[in-house]
Each structure stands twice: as C-alpha cells, then as structure tokens.
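Residues per chain are reported as follows:
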Amino acid sequence: MTEYRLIPGFSQSARAWDVVIASLPDAVPARPLDIPVRESFAETADALGTAGPGIWVGYSMGGRLALQIALASPDIVSALVLISTNPGIEDPSERRARRRADGELADYVEIAGVDAFFDRWLAQPMFVHLEKARSNRLDRSDAIARQLRTLGQGACDPLWDRLGELSMPVAVVAGDRDEKYSAIAQRAATAIGSNASLHILPAAGHALLEEMPGPIATILSAL
C-alpha cells in the first residue's frame, strides 16, 4: 500500500497531523514529516523529497512544498493533496512586500519569543475558528524565524504557470469560510485540469487539519 507523506504548515511540527492520522483506517500507512529548513525553498523541498515515493500531502506552506516536490520529482509522487495552499504570489511588488513583512515578523519572534508570536499569529481572522492549542507547534523562535525568511510566500517563486504540468491525481482542498483560499483552490483546480478534484469543505476555515480531520482523512483514503 502506498504510504502518505504528510507535510505540516508554517510553525507546525509533524504532530499537526496526529488528529488526521487518528481518523485514517488502521491499515493506511502515513508518515508525518518535520520541515528541514535549508538555504532556499527549493533545497528544503529537495530535502523533504528524500522521504521517497508516496502520496504527498501538504497543508498551507507544506502544500507549496509538496507542490514543488511534485513538479521537481514527479516520479516519487503518485498523487498530490494540496490543503489550504496558495501556489504563490504572482505580482513581484506584492511578493517583495510579503518578503519584507515576513522578515519583520521573523525579527519580532526572535525578540518577543514564541508565546508572544503565537498570540499575535493566531489572532488573525483566518484562525478565528481554531482552538488555540499549541501542542503541535514549534517551540523555538529561531526555527519559526527561519521558516518565515526562507519558506514564506515572499521567498519562493510562484508556481501557478506550472500547474498544468501535474500529471498525477491532485486533490485541492479548502474551507468555504476561508474565502481567499477557497477562491485560490478553485482557480488552481481549473489550472491543473482534468486530473484535479476540488473539495470545498462546508463550515470550515483555513486550519483544516484541526477543524476537519475526519473529512481530510476521507479525502486521503479515497486516493
């Protein structure tokens, strides 16, 4: 049976997948991965890719990394699942602005510490439906800062114009209360083509691993 390779989102550890894995059938092999930040986004994706062939699944930032792996090494990706994922910021000026903002946020977490950072980060509207549990999150400010500077949306090239290269089955998932990312999901599924399936989960926001572990497990089990 094909094993799932599960990449968490920004500031999360591999434990972010625990609730989803608990909802999978017992016989389904799943391997949650911590993100080994390297010198660049592409090098980080390459490092993750050493986990080998499987169904690659990524949430948010982890979805961008899974997408990069599928484009760079399609032979190890039998199917791809993109959860609450933006393939990138297309406008160069917006990308530069996001890179500056992520750099400032990285400075903040290094100065203020992890607890203050999460109070600020989880106060965003996209996490309004999220229980503020932190057991699955990184506890080192330097690790969070490295992710912001190296893997943030401002630090990576947009992958929109390459979505049509994906030849494996691709499930694109978003919550209907997350209006920005549900629109992105619809656009991405259209760009990928006939091998894409679109899943807009009702009464759900951005943090789908915590909010909708059962429906996510159902989507994974169907691949």
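Not measured: the values here are computed from a predicted model.

Draft legend 1. Highlighting helix α2 (residues 41-49). Within α2, the full set of buried residues consists of F41, T44, A45, A47, L48 and G49. Turning to α2, the residues buried within the fold contact β1 (4-7), β3 (54-59), α3 (61-72) and α6 (141-151).

Draft legend 2. Examining helix α7 (residues 179-192) more closely. Over its 14 residues, α7 runs 20 Å from end to end, which matches the ideal 20 Å to within 8%, given 1.5 Å per residue. Buried within α7 are the following residues: Y181, S182, I184, A185, A188, A189 and I192. Down the axis of α7, the sector holding all buried residues measures 155 degrees, keeping them to one side. Facing away from the buried side of α7, by more than 90 degrees, are the exposed residues E179, K180 and T190. Looking one or two residues beyond α7, the residue adopting positive phi is G193, at roughly 110 degrees.

Draft legend 3. Up close: the nonpolar core. If you look at the biggest cluster of nonpolar residues, it comprises 76 residues, and the most contacted ones within it are W56, L80, I83 and L166. With seven residues, the single largest contributor to this core is α3.

Draft legend 4. Region of the structure containing the pairing of strand β5 (residues 170-175). Counting buried residues in β5 gives six out of six residues, a clear majority hidden from the surface. As judged from the four bridges shared by strand β4 (residues 77-83) and β5, these two strands associate in the parallel manner. Of the residues in β5, the one forming a bridge with L82 is V172. Pairing analysis gives six bridges linking β5 to strand β6 (residues 196-201), with the strands arranged parallel. Note on β6: the bridge partner recorded for A174 is I200. Each parallel crossover has a hand, and the one from β5 via α7 to β6 is right-handed.

Draft legend 5. Highlighting unusual backbone geometry. The phi torsion at S11 lies on the positive side, around 70 degrees, for a residue other than glycine. Here the phi dihedral of A203 falls at roughly 55 degrees; this positive angle occurs in a residue that is not glycine. Mapping A203 onto the fold places it in the loop between β6 and α8 (208-211). Residue A203 is classed as partly exposed on the basis of its relative accessible area of 43%.

Draft legend 6. Representation of the side chain of S13 within the structure. With respect to the helices and strands, the residue S13 is situated in the loop between β1 and α1 (18-23). On the accessibility criterion, S13 (13% relative accessible area) is buried.

Draft legend 7. Up close: the environment of A16. Residue placement: A16 occurs in the loop between β1 and α1. Note: C-alpha distance between A16 and E165 (149 residues apart in sequence) is 29 Å. Those residues in contact with A16, other than ones at most four positions away along the chain, are P8, N136 and L209.

Draft legend 8. The pattern of salt bridges, seen in detail. A full pass over the atoms with the stated rule returns nine salt bridges. With a closest N to O distance of 3.5 Å, R15 and D18 form a salt bridge. Of the residues examined, R15 reaches a relative accessible area of 48% and is grouped as partly exposed. Judged by relative accessible area, D18 falls into the partly exposed class, the value being 37%. The residue E165 makes a salt bridge to R162 at a minimum N-O spacing of 3.0 Å. Given the relative accessible area of 48%, E165 is considered partly exposed. Taken together, the salt bridges that share partners define one network made up of D107, E110 and R149.

So, how was this worked out
Residues numbered from 1 in each chain as written. Predicted model: local features only at pLDDT ≥ 70, side-chain atom pairs only at ≥ 80, totals over all residues. Heavy atoms only, no water. Buried < 20%, exposed > 50% of the residue type's maximum accessible area, 1.4 Å probe, protein only. Helix = DSSP H or I, 4+ residues; strand = E, 2+ residues; numbered from the N terminus. Contact = heavy atoms within 4.5 Å. Expected span 1.5 Å × (residues − 1). Arc of directions from axis to C-beta. Core = buried A, V, L, I, M, F, W, Y, C linked by side-chain atoms within 4.5 Å. Pairing = 2+ DSSP bridges. Right-handed = clockwise from strand over helix to strand, strands pointing away. Salt bridge = Lys/Arg side-chain N within 4 Å of Asp/Glu carboxyl O.

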